[in-house]
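Chain by chain, the residues run as shown.
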Amino acid sequence: MTDAAPAPEPNGEARFHAFRRAEDLVERRRPLDALKALEPLLDDEQDKPSVQLLAGRAYFHSAQLRRAERAFTRVLELDPTDHYARFVLGRTLQRLGRFAEALAQLRMASAMNPVPEYLEAISEVNARITLGDS
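Everything quoted here is computed from the prediction, not taken from an experiment. (Residues numbered from 1 in each chain as written. Predicted model: local features only at pLDDT ≥ 70, side-chain atom pairs only at ≥ 80, totals over all residues. Heavy atoms only, no water.)

A. Structural context of the overall build of the chain. Scanning the chain for helices and strands turns up seven helices and zero strands. Secondary structure of the chain in N-to-C order comes out as α-α-α-α-α-α-α. Here the chain holds 134 residues, and the buried ones make up 39% of them. Nonlocal contacts in the chain, meaning residues at least 24 apart in sequence, comprise 48% of its contacts between residues at least 6 apart. Roughly 8000 Å² of accessible area belongs to the chain as shown, and the carbon and sulfur atoms make up 51% of that amount. (Helix = DSSP H or I, 4+ residues; strand = E, 2+ residues; numbered from the N terminus. Buried < 20%, exposed > 50% of the residue type's maximum accessible area, 1.4 Å probe, protein only. Contact = heavy atoms within 4.5 Å. Areas by Shrake-Rupley, 256 points an atom, 1.4 Å probe, with all protein chains shown as cover.)

Given below as structure tokens:
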């Protein structure tokens, strides 16, 4: 009986290329392919905010909203000052229909970096709350 050799761990260069490939796939709106490319990194680098943020984006774009929420929350546990992670967490919560929670995250993101996209998202969520969608 022979034991199968364990799969080799990806080296630093392979991890870098996997990350860049996944990033490109997310940009090209191929989130499931991006998640596949990220698999070795998700196993090895759970505590890397950049990996979690990219995975969260892929989950979000593939409508895996609970997984996206977990990934963005992990990014914020590692780096509470990441305004973009707060923004996309807010958008995720918005899609989940959790408007009050979404609004809180979007307001924090906007306070950190008051860009038009963040302000527009706040307006959208405020409108949903005003219309009674919460």
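Structure's up, so let's keep going.
B. Representation of the environment of A102 within the structure. Locating A102 in the fold gives a position in helix 6 (residues 99-112). Residue A102 is classed as buried on the basis of its relative accessible area of 0%. Along the primary structure A102 and I122 are separated by 20 residues, whereas in three dimensions their C-alpha atoms are 8.6 Å apart. When neighbours within four sequence positions are excluded, A102 is seen to be in contact with G90, L93, Q94 and V125.

C. Region of interest: the packing of helix 1 (residues 12-27) against helix 3 (residues 49-61). Running from amino to carboxyl end, helix 1 crosses helix 3 at an angle of 30°, the nearest separation of the two axes being 10 Å. Here helix 1 is positioned roughly parallel relative to helix 3, judged by the angle of their axes. Between helix 1 and helix 3 lies a crossing of left-handed hand. Contact residues: helix 1 offers F19, A22, E23, V26 and E27, while helix 3 offers S50, V51, L54, R57, A58 and H61. For the contact of helix 1 with helix 3, a count of residues per class yields six nonpolar, two polar and three charged. (Axes fitted to C-alpha atoms, helices over the stretch in contact; angles between N-to-C directions. Parallel < 35°, antiparallel > 145°, perpendicular 65-115°, else oblique. Left-handed = near helix turned anticlockwise from the far one by under 90°. Nonpolar A, V, L, I, M, F, W, Y, C, P; charged D, E, K, R; others polar.)

D. Spotlight on the pattern of salt bridges. All told, the structure shown has eight salt bridges when counted by the stated rule. In this structure, E124 and R91 form a salt bridge, with 2.8 Å as the shortest nitrogen-oxygen distance. A residue pair is termed long-range when its members are at least 10 positions apart, and E124 in helix 7 (residues 116-130) and R91 in helix 5 (residues 83-95) qualify at 33 residues. E124 sits in the partly exposed class, given a relative accessible area of 37%. Bridged by salt links that share partners, the residues E69, R98 and E101 form one connected network. (Salt bridge = Lys/Arg side-chain N within 4 Å of Asp/Glu carboxyl O.)

E. Looking closely at helix 3. Relative to the 18 Å expected for 13 residues at 1.5 Å per residue, helix 3 spans 18 Å between its end C-alpha atoms, a close match to the ideal helical length. Of all 13 residues in helix 3, 10 are buried; the element is thus mostly enclosed. One or two steps after helix 3, the chain reaches A63, where phi turns positive at roughly 60°. (Expected span 1.5 Å × (residues − 1).)

F. Layout of the packing of aromatic side chains. Under the defined criterion, the tally for this structure stands at two aromatic pairs. Relative to F87, the ring of Y84 lies with its centre 6.2 Å away and its plane at 40°, an arrangement referred to as tilted. Within this pair, Y84 and its partner F87 are both found in helix 5, separated by three residues, close to a single helical turn. Since its relative accessible area comes to 4%, F87 is described here as buried. Between F87 and Y118, the ring centres sit 4.6 Å apart and the planes meet at 20°, which makes this aromatic pair stacked. Here F87, found in helix 5, pairs with Y118, found in helix 7; they are 31 residues apart in sequence, far enough to count as distant. Classification of Y118 as buried rests on a relative accessible area of 4%. (Phe/Tyr/Trp six-rings, centres within 6.5 Å; stacked < 30°, edge-to-face > 60°.)

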